[in-house]
Amino acid sequence: MHILILGAGYAGLHTAIELDNLVRNQPDLAQITLVDQNSYHQIVQLLHLTATAAIQTDEAIVPLNKIMQQRAVQIRQGCAAQIKPLQRQVVLQDGQTLDYDRLVIALGAETNYGGVPGAREHTFPLRTFDEALRLRNHIVARFAAAAKTADPAEQRTLLTFALVGGGYTGCQLAGELAAWAPDLCQEFDVPRQEVRIALLDRSKFLLKQFGSWATRNAERILDRRGVSIYLDTPVERVEPRGLYVSGDRVLRAGTIIWAGGIRAPALLAESGLPVDASGRAFVDRYLRVRDQALIFAAGDCANVPDPADGTVPATASYAMRQGTHLADTLASEIEGIAPRTYEPLKLGEVVSLGPGEAIGDPLGVPVFGKTAELMKKGIEAWYRSTLE
Ligand SMILES: Cc1cc2nc3c(=O)[nH]c(=O)nc-3n(C[C@H](O)[C@H](O)[C@H](O)COP(=O)(O)OP(=O)(O)OC[C@H]3O[C@@H](n4cnc5c(N)ncnc54)[C@H](O)[C@@H]3O)c2cc1C
């Protein structure tokens, strides 16, 4: 049986690793191919650290051939362009086709600009390693330009950083950027008081997935770091250096970062798969795409039902556990036995808000500060160990 996995992120990579573990003793039964547009696995949870030079440049990526060196998983670098369910084929951007007996779609998500005019053209997204490097270089260039200008208004604009979206990405990046700014001010000899970091969200809450206790604490922590927070502020238009709310320009900023939402790659809908309003494939409780016997989906590109609570959130930990579950399901298919249903495990999440600060709800218990930061670092170290 040829199992083709699209995407070597949290979901796809862990499907491949775990499936290899499960079928290692029966290599004739299954052939596993893992396709990704990159030659490396991105630890997306670290990208805000890459973007703010808080970690070494290559710390957020791990080469796929290193991860797979002891495994019987074929790696194929290529960009999936179309899925043809009737032919059981995937077409790559270079025109080559890959056949499959079972297909796992784990292509993650892209930035969702929500139809806001100018957002795609004039903002920086942060979903990939390349985008993180581009943002980091741009931030440094803004400080360098601010140091050179003699015009105070221009300097203020160059040193204003607006982040749209108060979820994981926006809050974590705001915290790190606020911590990095004093170093950049010193390096480029620009006044710290001219640096402005603004975090805007359309809703009344930051980190709304955690509840109001997290919003209050995140606001307090980020405020103490010097981040200005604007809630209930729906950005409706973006220009090269400006954000508009209710028809008025509310902010001039030399850098605008868009962390306002995600959507699944268009390829899923374009291939005729059943998708929700965010382009995610509807799957059943076995993670099988609705009406598709041979296709499964997991992670951010899947709309996974949660029997207790609507839909499973798009987070790294859920994506990884869905990948592991899929490996089990595929091994069952290979052996011809009935698979188990996927039951979402609510283990909680921890997000960082800059050095020394984090917030989270592991196992439902609210944690803050150093304790939360230690947990976050522990989770990161544990995650790395799963790649060895
Ligand atoms: C800055 C940031 C911080 C975050 N922090 C946290 C956090 O603290 N905790 C948490 O739980 N979640 C966090 N998240 C969310 C988390 O990273 C995602 O939920 C997780 O990455 C989803 O895993 P996935 O496997 O579905 O997709 P991904 O990990 O994004 O993997 C998708 C893979 O598919 C590949 N791919 C995409 N399109 C194609 C194509 N056409 N052809 C071939 N390959 C393709 C990509 O290269 C990638 O390797 C954060 C996200 C960001 C952006």
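Residues numbered from 1 in each chain as written. Predicted model: local features only at pLDDT ≥ 70, side-chain atom pairs only at ≥ 80, totals over all residues. Heavy atoms only, no water.

S.K.: Help me understand the domain arrangement of the protein, please; the structure alone is not making it clear to me.
M.R.: It is common to give the size of an interface as the accessible area that goes away when the parts come together. On domain assignment, one finds that the protein holds domain 1 (2-109 + 264-347) and domain 2 (130-258). Here domain 1 and domain 2 have C-alpha centroids that lie 33 Å from each other. Opposite the eleven residues of domain 1 that make contact, domain 2 presents twelve residues. Across the domain 1/domain 2 interface, buried area totals approximately 980 Å², and carbon plus sulfur atoms make up 66% of it. (Domains from an automatic or database assignment. Contact = heavy atoms within 4.5 Å. Buried area = accessible area lost by both parts, 1.4 Å probe.)

S.K.: Which parts of the structure should I look at to understand the nonpolar core?
M.R.: The nonpolar side chains of soluble globular proteins are, as a tendency, buried together. I83, V90, L103, I105 and F143 are the most contacted members of the largest nonpolar core, which has 108 residues in total. Top contributing element to this core by residue count: helix 7 (residues 168-188), with ten residues. Contact partners of I105, with chain neighbours within four places excluded, come to L6, I83, L268, L273, I295, F296, A297, A298 and C301. Listed in part, the 14 residues of the second largest apolar core include V116, V235, L251 and I256. (Core = buried A, V, L, I, M, F, W, Y, C linked by side-chain atoms within 4.5 Å. Buried < 20%, exposed > 50% of the residue type's maximum accessible area, 1.4 Å probe, protein only. Helix = DSSP H or I, 4+ residues; strand = E, 2+ residues; numbered from the N terminus.)

S.K.: For this particular structure, what's the right way to read the packing of helix 5 (residues 129-148) against helix 7?
M.R.: Packed helices, taken two at a time, are described by the angle their axes make and the gap between the axes. Across the interface, helix 5 lies against helix 7 with an axial gap of 11 Å and an inter-helix angle of 40°. Looking at the two axes, helix 5 sits oblique to helix 7. Seen from above, helix 5 lies across helix 7 with right-handed handedness. The residues of helix 7 that touch helix 5, namely those facing L135, R136, I139, V140, F143, A144 and A147, are L173, L177, W180, A181, L184, C185 and F188. Residue composition of the contact of helix 5 with helix 7, by class: 13 nonpolar, no polar and one charged. (Axes fitted to C-alpha atoms, helices over the stretch in contact; angles between N-to-C directions. Parallel < 35°, antiparallel > 145°, perpendicular 65-115°, else oblique. Left-handed = near helix turned anticlockwise from the far one by under 90°. Nonpolar A, V, L, I, M, F, W, Y, C, P; charged D, E, K, R; others polar.)

S.K.: What is the right way to read the pattern of salt bridges from this model?
M.R.: Going through the model one piece at a time under the given rule, you end up with 16 salt bridges. Residue D232 is joined to K204 by a salt bridge in which the shortest nitrogen-to-oxygen separation is 3.7 Å. Here K204 lies in the loop between strand 12 (196-200) and helix 8 (212-224) and D232 lies in the loop between strand 13 (227-230) and strand 14 (237-239), a separation of 28 residues in the sequence. Take K204: its relative accessible area is 56%, and that puts it in the exposed class. The shortest N-O distance in the salt bridge between E239 and R237 comes to 2.5 Å. Each member of the salt-bridge network shares a partner with another, and the members are D20, R24 and R71. (Salt bridge = Lys/Arg side-chain N within 4 Å of Asp/Glu carboxyl O.)

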